[in-house]
Amino acid sequence: MTPKVAGHSVPRADGVAKVTGQATYTVDVTLPGMLHGVAVRAERAHARISGIDTSAALALPGVAAVVTAADLEGLFPRFGHIVADHPILAIDRVRYWGEPVALVLAGSVDEANDAAAAVEVDYEDLPTVMDVEAALSDVAPLLHEVSYEGGDASFRTLSGGAPVPGRDSNVAHEASVAWGDVELALAEAEIVVDTTMRYPMLYAYAMEPYNAVADFRGDSLEVVSTAQHPFMVREDLARVFGLPLSRVRVRVPFVGGGYGSKSYTKVEPLAAVGSWAAGRPVKLVLTVEESIYTTRVDAAVVHVRSGFAADGRILARDVTITMDSGAYADNSPMVLGKAVNRCFGPYRIPNLRVHGRSVYTNTVPASSYRGFGAPQGALAGEANIDQAAERLGIDPGELRRRNLLARGEELLPGKRPLDADIAADLDLLVTSLEEGAPQDRRWYGIGFGVSASDAGAFPVSTAAVKVLPDGSVLVLNGSVEMGQGSRTVLAQIAAEELGVALDQVAVEQSDTGTVPYERTTGASRTTALAGLAIARACGDLRRRARGMAAEVLGCEPDDLADAPGGVVGPDGGTLSFGGIVARWFGSAAGEITGIGLVRRGDDTAVMPPFWEIGCSGVAVRVDPETGYVVVDQLVTVGDVGFAINPAGVEGQDLGAATQGLGAALYEELVYDGPHPINPNVVDYRVPHAGDMPRRIDTILAQRHDGIGPFGAKGAGEGSLNPIGSAVAAAIARATGRWPTELPLTPERVWRLLQEPDPGT
Amino acid sequence: MPELCEIAATVNGVAVRRTAPARTVLAAFLRDDLGLTGTKVSCALQVCGVCAVLVDGEPVSSCTYLAVDIDGREVVTVEGLAGADGLHPLQQAFVDHFALQCGFCTPGFLIMAKALLDRVPDPTQEEVVEHLEGNICRCTGYRPIVAAVLDAAARMTEARG
């Protein structure tokens, strides 16, 4: 069957709403009687709180309350889905500059800001650990002396993820994976190549800052927020207030960008305790600076030591990862676990040892970011392959081809065999980059890389699909539309499965009070896993519809066959879904509901649900006098199984790769002393329109090899993952010198050029 | 109490008269007082372009522009782009070219693009890129946005005959 709706670049379901200003985001939500919250934030990196004087603030006009940790008696005062180490408001002590110490509630934002400035906090300074070197020293003060009650247990199933053995160091989490005899293999190698790369501290900069509106009503709580994972936020909130999950409702309208940074709980508990304390709804909208003080990206130093045979075969890889994860765990243990799995690449590696540590420091807590440990790990992993190619005198594409896993081979023992043809993807990539290169290749370099991510996250997805009396279709699923286009793709899947026109399908998402459970919107899972749940719900709906049609037609269900938009009877006559509803219920009322469930079983019994492939490359030209780098070409190959909306997938690939270029060339959150010196979009430089590469080629490789609907796999992160190493390699080839860190700002490249030419 | 100022202006063709504290910025006035929430705020430092609106035809950053300064002037926001006969050509082109994902930056891009096409009806790609340098999009990688603006310009030029 050739899909009629799936596989076509139909316009986005949210397009018109978003170009007319009608699309509702959390920041647009108001409630009657609502107060506005502003947080008072720590102005110390590490200190004991010796006193908080709120009297001056409370005396100001419009101020309803000032909430501190002391007011939270009777509540569970912390959150964190893996480790519940994160106080809603600082308890006796602050662990990073910018941590919320108090929450001012007033009638207007301006009044709340005035009052926040009037709250006086006294501190007794504590010694700080501002980076991992300091945090890991023998004399380092501990950020957390105690272990906290755990949150979600599922992270413990991460490969090698061991529980932390007591709190005697600032190591927040460790993870490892190993097989074979690395030492022996390195000793026998023709060459051993050492690579150390530093991945910068980043801020995702989703343009809608973190914000939430909370309404606590005694025995229930309703929160509207920017969360990517409303069902997991619900668990954190239920624990804070001791409420059953059924009495906590988290609703997420359109989200103004996530990129992983809105994964898990952020500002929702703070808004909720404000409403609990004041007895009125509370809206809390952070500024961008405050958002930077909420969640950043894990910085990392990754060392890779690989041994190769003379013919280029990888004999062993030995990797150590040290991540700077900030003051609280958030999702960094998971990011570390994924970095451990994603750093060594989709290669045949007979001997492997990877050890990673996530370290607490007195900096903004780090968490998920697009690519999820892969950008950090693949930077050093792929640069190491390129450096080996140089030393072996083998073309970097050819060296990869000699080592790439083939379809069906195992990347990690016991995990899903590789469901992709990466060698074919690489050929498409390299061909495009070479075709696009200009004649003049002075100060010009091409770089590229590959990655494979154990994506899809834990496969728990559910969906309901309803046929209404007029035959139109309502799809209900808990995933969040944050720009990636899920509302469009999920509608396309249902329209295709049921054989109805796309304009007859509506999708409702992301409201824990009304739509079926979806564990997360992350790890590129929605198309494949929520899509699978919706496809199954359509199958269930069709089964019910056949049964109901058989009743009204007086035949057996097996006498009926599926037809577009309904069933076809033994006489060849058709009955539409709307007709079945009308005749079975006896009037134009009622509906048919199909349910679709996905768990670890059937197609998704083996983890991961799919491998997300990264296959991207760039060509750069370096100005030798200024160190300025112009990206001349960007090529991505989206190995997505089947592109249900090709333009949407290409948009994801280009967007992901562009964020990768940001980290590679421009973006870095810089600490100089107790706080970042650039917590704003003036000094934190992201890609602009003028940075767009001259030539962009977004290639789709569709081999129908995924577990999702019509053979789809996920997309949205893969194209970012190899970009860091690709840019580093391209600059190395343009200049003859290998960089060791990102971002490769003009100053860093200029300094690189001042180093002696290794070739002379 | 903060000083209240009288504001009489035309917003999207409608005469409005309000009082607001002197320190109220235009974005807050549009969103909170007039309910025109299509205009968004992000950086609040005049560098991301999200909050752009037209005041007497010129784009301004409404995150820092004082509401009192629209007194006696004409304001156009994203809600004012579509006409009785449907979407503005820029809006239609943004939909057609997938020039948006999360959509948070889209109102600012549309307003800035309108400011350009009002002045330069047939811009080159370089002119579009230069004009949009002050607008940040974190989702799309910009290519579809630039393509949409060029396509809208072509459609509008063709419609003018």
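What you see as residue numbers is a count from 1 along each chain, following the sequence as written. Whichever chain is written first is A, and whichever ligand is written first is 1; the rest continue in order. Local features in a predicted model are, by the rule used here, given only for residues with pLDDT of at least 70; side-chain atom pairs are given and counted only at 80 or more, and totals for whole chains, interfaces and linings are based on all residues. The basis for every side-chain value is the complete set of heavy atoms in the structure, and neither hydrogens nor water enter the calculation.

## Considering the packing of helix 14 (residues 526-553) of chain A against helix 15 (residues 577-585) of chain A
Residue and element names in this part refer to chain A.
Thinking step 1. In contact at an axis separation of 9 Å, helix 14 and helix 15 are set at 50° when each is read in the N-to-C sense. Overall, the two elements helix 14 and helix 15 adopt an arrangement that is oblique. The interaxial crossing formed by helix 14 with helix 15 has left-handed handedness. In contact with Leu541, Arg542, Ala545, Met548, Ala549, Glu551, Val552 and Leu553 of helix 14, helix 15 contributes Phe577, Ile580, Arg583, Trp584 and Phe585.
Thinking step 2. Of the residues assigned to the contact of helix 14 with helix 15, the class counts are 10 nonpolar, no polar and three charged. Working convention: axes come from line fits to C-alpha atoms, limited for helices to the stretch in contact. Angles between N-to-C directions cover 0 to 180 degrees. Helix and strand assignments follow DSSP, with helices taken as H or I runs no shorter than four residues and strands as E runs no shorter than two, numbered in order from the N terminus. To sort the angles, those under 35 degrees are grouped as roughly parallel, those over 145 as roughly antiparallel, those from 65 to 115 as roughly perpendicular, and the leftovers as oblique. Here a crossing is called left-handed whenever its near helix is offset anticlockwise from the far helix by less than a right angle, and right-handed whenever the offset is clockwise. We call two residues in contact whenever any of their non-hydrogen atoms come within 4.5 Å of each other. Ten residues, namely Ala, Val, Leu, Ile, Met, Phe, Trp, Tyr, Cys and Pro, are considered nonpolar, four, namely Asp, Glu, Lys and Arg, are considered charged, and the remaining ones, Gly among them, are considered polar.

## Some words on the interface of chain A and chain B
Thinking step 1. Listed by partner, the interface residues are 56 residues for chain A and 41 residues for chain B.
Thinking step 2. Two parts lose some accessible area (1.4 Å probe) when they are put together, and adding that loss for both gives the buried area. Between chain A and chain B lies a buried interface of about 3,800 Å² when both sides are counted; carbon and sulfur atoms form 62% of it.
Thinking step 3. When the buried surface of chain A facing chain B is broken down by residue, A:Val19, A:Met207 and A:Met692 rank first, second and third, together holding 19% of it.
Thinking step 4. The salt bridge definition used is simple: a Lys or Arg side-chain nitrogen within 4 Å of an Asp or Glu carboxyl oxygen. At the boundary of chain A with chain B, the tally comes to five salt bridges.
Thinking step 5. One salt bridge in this structure joins B:Arg23 and A:Asp110, with 3.6 Å as the shortest N-O distance.
Thinking step 6. Any N or O atom pair separated by 3.5 Å or less is treated as a polar contact, with the protein-specific requirement of one donor-capable and one acceptor-capable atom, and with residues adjacent in sequence counted only for side-chain atom pairs. In this structure, the connection of chain A to chain B is made through 24 residue pairs in polar contact (both at pLDDT 80 or more).
Thinking step 7. Sorting the residues of the side of chain A that touches chain B by element identifies helix 1 (15-20), helix 3 (109-118), helix 16 (646-665) and strand 30 (695-701) of chain A as the ones contributing at least two each.
Thinking step 8. Sorting elements by how many residues they give to the side of chain A that touches chain B places helix 16 of chain A first, with nine residues.
Thinking step 9. Residue composition of the side of chain A that touches chain B, by class: 26 nonpolar, 19 polar and 11 charged.

## Observations concerning the sheet that holds strand 5 (residues 74-76) of chain B
Residues and elements named next belong to chain B.
Thinking step 1. Strand order in this open sheet of five strands is 2-1-5-3-4, and the pairing throughout is mixed. The open sheet has two edge strands with one neighbour each: strand 2 (14-21) and strand 4 (58-61). For this sheet the average axis-to-axis angle between neighbouring strands, irrespective of direction, equals 40°.
Thinking step 2. Both strand 3 (residues 52-55) and strand 5 contribute to a ladder of two bridges, which runs antiparallel. In the sheet register, valine 55 faces strand 5, and the bridge partner there is valine 75.
Thinking step 3. Sheet strands touched by helix 1 (residues 26-33): strand 1 (4-11), strand 2, strand 3, strand 4 and strand 5. Its angle to strand 2, the strand with the most contacts, is close to 110°.
Thinking step 4. Packed onto the sheet, helix 3 (residues 106-119) meets strand 3, strand 4 and strand 5 and runs at close to 35° relative to strand 3. Pairs of strands are assigned from DSSP output, requiring at least two bridges between the strands.

## A look at the sheet that holds strand 9 (residues 171-179) of chain A
Residues and elements named next belong to chain A.
Thinking step 1. Taking strand neighbours across the sheet as the criterion, the five strands line up as 9-18-17-16-10 in an open arrangement whose pairing is mixed. Each edge of the sheet is formed by a strand with only one pairing partner; in this case those strands are strand 9 and strand 10 (191-199). The sheet shows a mean angle of 5° between the axes of neighbouring strands, direction not considered.
Thinking step 2. As paired elements, strand 10 and strand 16 (residues 299-308) share nine bridges and run antiparallel to each other. In the strand pairing of strand 16, valine 193 is matched with serine 306.
Thinking step 3. Running at roughly 145° to strand 10, helix 10 (residues 374-392) makes contact with strand 10, strand 16 and strand 17 (314-326) of the sheet.

## Overview of helix 14 of chain A
Thinking step 1. One less than the number of residues in a helix, times 1.5 Å, gives the span that helix is expected to have. Taking 1.5 Å per residue, 28 residues should reach 40 Å; helix 14 of chain A reaches 38 Å between its end C-alpha atoms and fits that length.
Thinking step 2. One or two positions beyond helix 14 of chain A, positive phi appears at A:Gly554, with a value near 70°.

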